[in-house]
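Here's the letter readout for the chains.
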Amino acid sequence: MKTGRLQMAFIALSALCGLGIAKAGGGGEFHMMDTNGDGKISAEEHAAGAKKMFQTMDADKDGQVTAAEMDAAHERMAKMMGKTAKPGHAEMSSADKIKLMDTNHDGVLSADEHAAGAKMMFDKMDTDKDGYLSQSELEAGHARVMSKMSGKASDKTSDKE
Ligand SMILES: [Ca+2]
Ligand SMILES: [Ca+2]
Ligand SMILES: [Ca+2]
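Residues numbered from 1 in each chain as written. Chains lettered and ligands numbered in written order. Predicted model: local features only at pLDDT ≥ 70, side-chain atom pairs only at ≥ 80, totals over all residues. Heavy atoms only, no water.

**Examining the overall build of the protein chain**
Moving on, step 1. Along the backbone of the protein chain there are 7 helices and 4 strands.
Moving on, step 2. In the protein chain, the succession of α and β elements from N to C terminus is α-α-β-α-β-α-α-β-α-β-α.
Moving on, step 3. Looking at the protein chain as a whole, 40% of its 161 residues qualify as buried.
Moving on, step 4. Surface accessibility of the protein chain: about 8900 Å² in total, with carbon and sulfur atoms responsible for 56%. (Helix = DSSP H or I, 4+ residues; strand = E, 2+ residues; numbered from the N terminus. Buried < 20%, exposed > 50% of the residue type's maximum accessible area, 1.4 Å probe, protein only. Areas by Shrake-Rupley, 256 points an atom, 1.4 Å probe, with all protein chains shown as cover.)

What follows is the structure, encoded as structure tokens:
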């Protein structure tokens, strides 16, 4: 089902972006992405944040993120957050996350594939469709992701909006 797949990608992407910065210090993620400080995150600001995230994960700078690079990045970020990485937690594997966004199915994530996924995630989180993410929209988006990840990540939950 198409929406199921979108939802999965949303979860995966939020995990990517969220892991790194969500717990960096309260509203740290929000302020980090809100580069012009107007209290809302535009699509451009969100895209820039996603790009930064991609570059962080692409350790060998070849323009592609592999599952191994994603794993390593998650581990680094978990350490930064003072947590021990728990592979196989309720979360999907990096390979599975990549699969969701890997539109050309070559097993690695290109910058374009990641950017497209991030845009989709932005649209999903912008619940009032004003073209910006408010702090509460961002938090609500994460809350949904977290509750899903701690529950059944790969199951299709009945999420009708
Ligand atoms: Ca790479
Ligand atoms: Ca690809
Ligand atoms: Ca909005």
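**Let's talk about the packing of aromatic side chains**
The relative placement of two aromatic rings is captured by the distance of their centres and the angle of their planes.
Moving on, step 1. Per the counting criterion, the structure on display carries 0 aromatic pairs.
Moving on, step 2. Above the plane of the ring of Y132 lies K40, whose end atom (NZ or CZ) is 4.1 Å from the centre. (Phe/Tyr/Trp six-rings, centres within 6.5 Å; stacked < 30°, edge-to-face > 60°. Lys NZ or Arg CZ within 6 Å of the ring centre and 35° of its normal.)

**A short note on the coordination of the calcium ion (ligand 1)**
Moving on, step 1. In this structure, D58 (OD), D60 (OD), D62 (OD), Q64 (O), E69 (OE) and E69 (OE) serve as the protein donors to the calcium ion (ligand 1), at separations of 2.1 to 2.4 Å.
Moving on, step 2. Of note is the calcium ion (ligand 1), whose 6 donor atoms meet at the metal with angles of 54 to 160° in an arrangement that counts as irregular.
Moving on, step 3. Mapping the donors of the calcium ion (ligand 1) onto the primary sequence gives the spacing D-x1-D-x1-D-x1-Q-x4-E.
Moving on, step 4. For D60, a relative accessible area of 49% translates into the label partly exposed.
Moving on, step 5. When its relative accessible area of 45% is taken as the criterion, D62 is described as partly exposed. (Donors = N, O, S within 2.8 Å, 3.2 Å for Na, K, Ca; no water. Tetrahedral: all angles 85-135°; square planar, octahedral: opposite > 155°, others 65-115°.)

**Considerations on helix α4 (residues 67–80)**
Moving on, step 1. Given a rise of 1.5 Å per residue, 14 residues ought to cover 20 Å, and the 20 Å separating the end C-alpha atoms of α4 matches this to within 8%.
Moving on, step 2. Those residues of α4 that sit buried are E69, M70, A73, H74, M77 and A78.
Moving on, step 3. Following α4 by one or two positions, G82 adopts a phi angle in the positive range, close to 75°. (Expected span 1.5 Å × (residues − 1).)

**Considerations on the coordination of the calcium ion (ligand 3)**
Moving on, step 1. Within the protein, the calcium ion (ligand 3) binds to D126 (OD), D128 (OD), D130 (OD), Y132 (O), E137 (OE) and E137 (OE); these donor distances fall in the range 2.2 to 2.5 Å.
Moving on, step 2. Motif for the calcium ion (ligand 3), donor spacing along one chain: D-x1-D-x1-D-x1-Y-x4-E. Here D126 is found in the loop between α6 (111–125) and β4 (132–133), whereas its partner E137 is found in helix α7 (residues 135–150), with 11 residues between them in sequence.
Moving on, step 3. Given a relative accessible area of 4%, D126 falls into the buried group.

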